[in-house]
Amino acid sequence: MSQPNKAVIERLIACINDRQIEVMDELFHDDATMDWPQSRERVNGAANRRAIYGAFPQLPTITPRRLTSAGDLVVAEATLDYGGPVYETVFIFELSDGRIRKETAYWSEPFEAPAWRAQWVETF
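All of the points below concern the structure found in this document. The residue numbers shown here count from 1 along each chain, following its written sequence. The model is predicted, so local features are restricted to residues of pLDDT at least 70 and side-chain atom pairs to those at 80 or more, both for listing and for counting; the totals for chains, interfaces and linings are taken over all residues. As a rule here, side-chain values come from all non-hydrogen atoms in the structure, and water together with hydrogens is ignored.

1. Observations concerning the pattern of salt bridges
How we decide: When a carboxyl oxygen of Asp or Glu lies within 4 Å of a side-chain nitrogen of Lys or Arg, that pair is called a salt bridge. What counts as a helix is a DSSP run of H or I of at least four residues, what counts as a strand is a run of E of at least two, and both are numbered from the N terminus. Working definition: with a 1.4 Å probe on protein chains only, accessible area under 20% of the residue-type maximum means buried, over 50% means exposed, and in between means partly exposed.
The final tally for this structure, using the stated rule, is ten salt bridges. Between Asp 35 and Lys 102 there is a salt bridge, with its nearest N and O atoms 3.3 Å apart. With a gap of 67 residues between them, Asp 35 in strand β1 (residues 28–36) and Lys 102 in strand β6 (residues 99–108) connect regions that are remote in the sequence. Overall, Asp 35 belongs to the buried group, its relative accessible area being 9%. The exposure class of Lys 102 is partly exposed, given its relative accessible area of 24%. Put simply, Arg 65, Arg 66, Glu 77 and Glu 88 are held in one network by salt bridges that share partners.

2. As for a nonpolar patch on the surface
Convention followed: A patch is a set of surface residues, each over 30% in relative accessible area and not in a salt bridge, joined within 9 Å for like charges and within 5 Å for the nonpolar side chains Val, Leu, Ile, Met, Phe, Trp and Tyr. Method for areas: the Shrake-Rupley scheme with a 1.4 Å probe, in which residue coverage is limited to the protein chains shown.
Together, Trp 116, Trp 120 and Val 121 make up a nonpolar patch on the protein surface, roughly 420 Å² of accessible area in all. Here Trp 120 is to be found in the segment after β6. Accessibility expressed as a relative area gives 59% for Trp 120, which makes it exposed.

Laid out in structure tokens, this is it:
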């Protein structure tokens, strides 16, 4: 596991949870992109990232479930709690020179498993 890159993502999660979004400037490259495939949006660069995070109606509390790192890639599975809506999330971070170059985020609201497949699965 690449500990320095994992530490960058742990620090990112902490700065969002602590509502200290200015720390993000230390963690992302100025020309980094953030992709949100579900809404087909891409955030290009530091100015746009700052504007979006500064305008967020309510930042989530992020509870990481698992961080996996190999080379310049870190994958984070987490729960995002917006004080009401809760989302299960997967973040894919691509880093270079110890900073985030690209973030791709997928999120979904939890849902009840259908009864028809209960005989083949276990819940957690």
